[in-house]
Every structure is written in C-alpha cells, then in structure tokens.
Amino acid sequence: MCGAKTGGVSNEGLVLTNESVIQGVVTRAGEPVAGAYVRLLDGAGEFTAEVPTSATGQFRFFAAPGTWTLRTLAAGASVVDTSVAASKGEVAEVTISLD
Amino acid sequence: MSESNRAATLVDADWVEAHIDDTGVVLVEVDEDTAAYDKNHIRGAVRLDWKKDLQDPVRRDFVDKAGFEALLSERGISNDDTVVLYGGNNNWFAAYAYWYFKLYGHDDVKLLDGGRKRWELDSRELVAEAVQRPGTTYAAKEQDRSIRAFRDEVESAIGQKNLIDVRSPDEFAGRLAAPAHLPQEQAQRNGHIPTAANIPWSQAANDDGTFKSDDELTQLYQDKGVDFGKDTIAYCRIGERSSHTWFVLHEILGQPNVKNYDGSWTEWGSLVGVPIELGD
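Below is a summary of the structure that appears in this document.

### Considerations on the interface of chain A and chain B
How big an interface is tends to be reported as the loss of accessible area on association of its parts.
Piece 1. Residue-level contacts link 20 residues of chain A with 21 residues of chain B.
Piece 2. Contributing elements (two or more residues each) for the side of chain A that touches chain B: strand E3 (37–41), strand E4 (47–52) and strand E5 (58–63) of chain A.
Piece 3. Among the elements that make up the side of chain A that touches chain B, the one with the highest residue count is E4 of chain A (six residues).
Piece 4. Looking at side-chain class alone, the side of chain A that touches chain B contains 13 nonpolar, three polar and four charged residues.

Encoded structure:
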C-alpha cells in the first residue's frame, strides 16, 4: 500500500443533496491504517455510528448538520478524538493521525 | 441470579481461545458487512449472513422453521452444540442472530463479549480460510413468540408497557433516519413511538464493545424510567440493535417478558395512521 491519499473515499455515485457527509482517512506515520474503528459521537457525546476503516484507511458517515466528534480506536494506539463540523450538501474531509 | 445469567450467555475472548478446538463448540460470525468474514475470522468460525441466510428472500420475514433447520444442518451445527456468536458493529448482528437462535429454541448459545472489535483491538489471531463443517440434521422448535413483538402489540403497548427505543438520540428525535454509517434517504417518516424511552444500545456497552456490569446496566434502565415490574418491548430501525438491548435485559439481567420488535422503525415509520412523535 502506498502513502495515504488525502480525504475519504471517492465521491463518485454519491448523491449529496440531502446528506451531510463526514469522511476521511486514518493514518499512522503517514501510512493508512486499515481496520481502525472510527465512531461518530453527537454534540452530547452519544454514540451515533461506528465503522472500521477500509483497506486504504478510509471511512465515511452520513451525519446531520452540526458539530460531531470522531473517536478513533486502533490496536496499539491511544484513543484519538477529533472535532468536525458537517453541513448539508457538503463533504467534510478529515485526516486522523494516530501515534 | 444475574451473575449466573451472565456466565450462561456471555463468554470472553480467553474462553474462546481455550475452547476453540472443543468438540461441541461452534463459533459463528455474523456481520452487517458480510464480506468481513472473507477477509478474516476467528479460526474455525462459520459464517451466517444476516440477510441472505436468516431472512426470507421475498416476504419481509425470517426464514421459516424448515429454512432454519436446513441452514443450520448445512453449516454443520447440531442441536446440542454450544454456539458462540460474534461479529462487527459491537455485536449488533451477532445479538440479532442470538435472538434468532433463541426464537427457534436452540438451548446453548452465547455471545463473545466485545465481538470482533475487542478481538481485533487485542490483536488476537484471525485467519482467512473458509470453514466447512460436516453436515448435521438440525431440528428447530416452533418460534417462541414470547420474545418477538409485532406491530399491533406495539401499538397497544403505548403508554402501557415499557417501550425502549435503542437508536441514537438523533434518530429518536427525527434528525437522522438511519445510523450515520448509512445514507439518510429513507422511505419512512422520522421520529419515534410515543411514550418510548430513548436508551441507546451503546449506553449498555463500553467503547470496546463489551457489556457494562450488571449493576451499571440495572442502574441505566432504572434511571431512564424503565419499570422492571412491567413487560418491555425494544425496537430500533431493523431489529438488530434492539436485539442487543433484548440480550441485556432478558439474558444478562434475567428480566422476564422482554420482546424485540423486529419490524422496528422501518415498519412503524411506514405505517399509515399510527402516532409518531418528534424531538428529544
């Protein structure tokens, strides 16, 4: 696997009109991390969804407009919390770097 | 009492590693992402596909008794086997399959606490080879309807029984139509069933997917106003997360009279003339 591509999965085929997308990539030392768990927490810190990252370290959520927290768990890494804002009809791109 | 319930229904990863080669122990992986098994799985585990294997291909319902018998016979599962279920999504679909095994009367079925996620985070062994067990002749019982709720019973439970909506707060309030890893364009109306308490399934689990302690679980439901003296119906969007909560209430805490409404929001939100509430 070569270096991590910036941003999330390809937007091809994505109908964005009514979606507030949050997507991105999880990396460690610049390389994508497959099989990390990214969980989406709402403004009150409640669980809303969770996905494992793809073979290329990528993840995607269909959220609602507002501010969210991404909590990332991976084997051998500390938990990382990342704040992100989502807007309707837009894609918020996030890169999460693990130690 | 509940400690023995927990011991009878949950195993941890160390137990699985110690008993993985035991005759009479069958590991079964059930995922929302049914391709996860192809990538890797716990050694010796067979796969159940929650949609293709467990649901009728035409009607919206489960495979019938004969279909369940044929499925388990083909996967090499016997009536007297100890079935240990695990999967991704914090065991949502494994809990759904667990409920299904109970619905068709399997005696000894357990969940692997923490499921696939805890196993992966511990960097335990996963293998890629598919598993084919020798066939069996499995005999299912008639469906145990005491753990399955249908829409009419749910409607008459409004204001009468404990209704627990285990979806996320945003789905409960109507701001989201589905868990946020899925596109939000859905046919049904958003919201929740009136008088339902929103107790997300996730509040019963730790970040690594393992269940909280009995005391924490009891406290959680009591604090949200669940009356353990009343019957309870749990629902979510398609009945898998509510299986997780059904497992907590009925199997870990030993509460009698807990049903899973597997029609859940994709049915309720599509029904004509039923009440819906919006907001937190």
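### Points about the sheet that holds strand E4 (residues 82–86) of chain B
What links the strands of a sheet is backbone hydrogen bonding, and the strands pair in either a parallel or an antiparallel sense.
Piece 1. The strand order E1-E5-E4-E2-E3 (chain B) describes an open sheet built from five strands, whose pairing is parallel. Among the strands making up the open sheet, the edge pair consists of strand E1 (10–11) and strand E3 (46–49) of chain B.

### Overview of the nonpolar core
Piece 1. Val-28, Leu-85, Ala-94, Ala-97 and Tyr-98 of chain B are the most contacted members of the largest nonpolar core, which totals 64 residues.
Piece 2. Looking at which element gives the most residues to this core, the answer is helix H5 (residues 88–103) of chain B, with eleven residues.
Piece 3. Two domains each donate at least three residues to this core, and these are domain 1 (2–143) and domain 2 (146–268) of chain B.
Piece 4. When neighbours within four sequence positions are excluded, Tyr-98 of chain B is seen to be in contact with Leu-85, Val-109, Leu-111, Ser-243 and Phe-247 of chain B.
Piece 5. Val-25, Ala-36 and Ile-96 of chain A together with Ala-180 of chain B belong to the second largest nonpolar core, which has 28 residues in total.

Conventions adopted
- Residues numbered from 1 in each chain as written.
- Chains lettered and ligands numbered in written order.
- Predicted model: local features only at pLDDT ≥ 70, side-chain atom pairs only at ≥ 80, totals over all residues.
- Contact = placed C-beta atoms within 7 Å.
- Helix = DSSP H or I, 4+ residues; strand = E, 2+ residues; numbered from the N terminus.
- Nonpolar A, V, L, I, M, F, W, Y, C, P; charged D, E, K, R; others polar.
- Pairing = 2+ DSSP bridges.
- Core = buried A, V, L, I, M, F, W, Y, C linked by C-beta atoms within 7 Å.
- Buried ≥ 20, exposed ≤ 12 C-beta atoms within 10 Å, placed from the backbone.
- Domains from an automatic or database assignment.

Everything listed is a geometric property; what it means functionally is a separate question.
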